[in-house]
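Residue-level listing of the chains:
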Amino acid sequence: MKSEPDVYSIADLQRDGHTCWDGVRNYQARNFMRDEMRLGDEILFYHSNAQPMGISGVAKVVREAYPDHTAWDKKHHHYDPKASPDNPLWQMVDIRLERIFAQPLALDALRKVPELKGMELLRKGSRLSVQPVRASEFDTVLKLACKKTK
DNA sequence: GCCAACGTTGGC
DNA sequence: GCCAACGTTGGC
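Residues numbered from 1 in each chain as written. Chains lettered and ligands numbered in written order. Predicted model: local features only at pLDDT ≥ 70, side-chain atom pairs only at ≥ 80, totals over all residues. Heavy atoms only, no water.

### Quick word on unusual backbone geometry
Stated precisely, the cut-off is as follows: Starting at the N terminus, helices and strands are each numbered in turn, a helix being any DSSP run of H or I of at least four residues and a strand any DSSP run of E of at least two.
Backbone torsion omega between Gln-51 and Pro-52 reads 0°, so that peptide bond is classified as cis. Turning to its location among the elements, Pro-52 is positioned in the loop between β3 (42–47) and β4 (54–67). Phi at Asn-49 takes a positive value of approximately 50°, unusual for a residue other than glycine. In this fold, Asn-49 is placed in the loop between β3 and β4. For Leu-89, which is not glycine, the phi torsion reads 65° and is therefore positive. Among the structural elements, Leu-89 can be located in the loop between β4 and β5 (91–106).

As C-alpha cells, this is what we get:
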C-alpha cells in the first residue's frame, strides 16, 4: 500500500496504532482490497513522493473490506458524488502497524535486487496505490530489511 | 516543475 | 464502442 507521508505516514500509523484505509478512488485498487485482502494478511507500507521514497515497514489487515463512508461525505476531500450509503461504490480495509524498518528500503536500492525484478511496485508507470505482492517478493523485502539493521 | 504513463469522461 | 481531451500519480 502506498501513501504520501505528507498525507499519512507510517509514523502516523504508529501514533494511531490502526487506521481505516479510506480515500482509494481507483477501481483496480479497490478490487484488490475487496477481493484479495484477507484478515491477517501482511502489507508492505510504501512512502511515495517522499524523502526517501521506499518501503518503510509492515502492517496487517485487521478488518476486511467495508464501505468507505468518506465517499459520500460532501465535506471530505475524497468526496465522490456517485457514491451514497445505498451505493457505497468505494471500499476500505482497516490495517494495524506491525513494524517500522530501522532503515527504509529505498526505491533505487530495490531496483537493484534481481529477485524483485517482476515486482509491480518497480514496473515503469506503476501507479496503483494498492497492489499485490508475491510471497517470494515479500520474503525478499523482509530479508533486505533484516540485513540493513545489522 | 516536468512529464510519462496511466485512468476517466463524454461527445460522437 | 471509439477515442480525444482531460485529470492524476509519482518518479525524476
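### Some remarks on the protein's contact with DNA strand C
What counts here: If a single non-hydrogen atom of a residue is within 4 Å of a molecule or strand, that residue counts as near it. Under this definition, polar contacts are N or O atom pairs within 3.5 Å; protein pairs additionally need one hydrogen-donor-capable and one acceptor-capable atom, and for neighbouring residues in sequence, both atoms have to be side-chain atoms. Note on residue categories: nonpolar means Ala, Val, Leu, Ile, Met, Phe, Trp, Tyr, Cys or Pro, charged means Asp, Glu, Lys or Arg, and polar means any other residue, Gly included.
By nearness alone, every residue bordering DNA strand C is listed as Lys-2, Tyr-46, Ser-48, Asn-49, Met-53, Leu-107 and Arg-127. Atoms of DNA strand C within 4 Å of the protein belong to the sugar or the phosphate in 68% of instances, the rest to bases. At a separation of 3.2 Å, a phosphate oxygen of DNA strand C approaches a polar side-chain atom of Lys-2. In this structure, Asn-49 approaches DNA strand C through a main-chain N or O atom, which is 3.2 Å from a phosphate oxygen. Classifying every residue of the surface near DNA strand C gives three nonpolar, two polar and two charged.

### Describing the layout of surface pockets
To keep things clear, this is the line we draw: With a 1 Å grid spanning the protein atoms alone, the term cavity applies to any set of points in which a 1.4 Å probe fits but cannot get out, the term pocket to an open set with protein on both sides within 12 Å along at least five of seven lines, and the term lining residue to any residue with an atom within 4 Å of a point. Grid points are joined across faces, edges and corners, and a volume is the space filled by probe spheres set on the points.
As a volume, the largest pocket reaches approximately 710 Å³. Taken together, 26 residues line the largest pocket, and the ones lying closest to its centre are Lys-2, Ser-3, Glu-4, Ser-48 and Ser-129. Elements that contribute at least two residues to the lining of the largest pocket include exactly β1 (2–3) and β2 (18–20). In the lining of the largest pocket, the residues fall into nine nonpolar, ten polar and seven charged. Considering only enclosed or pocket space, the second largest pocket measures out at about 390 Å³ in volume. If you list the elements that add at least two residues to the lining of the second largest pocket, you get α2 (27–36), β3 and α4 (135–149). Among the elements that take part in the lining of the second largest pocket, β3 stands out by supplying four residues, more than any other. For the lining of the second largest pocket, the residue count by class is 14 nonpolar, one polar and six charged.

### Side note on the protein's contact with DNA strand B
Around DNA strand B lies a shell formed by Asn-26, Tyr-27, Gln-28, Lys-82, Arg-123, Lys-124, Gly-125 and Arg-127. With respect to DNA strand B, the side chain of Lys-82 contributes an N or O atom lying 3.3 Å from a phosphate oxygen. Take Arg-123: an N or O atom from its side chain is 2.9 Å from a phosphate oxygen of DNA strand B. In terms of residue class, the surface near DNA strand B is made up of one nonpolar, three polar and four charged.

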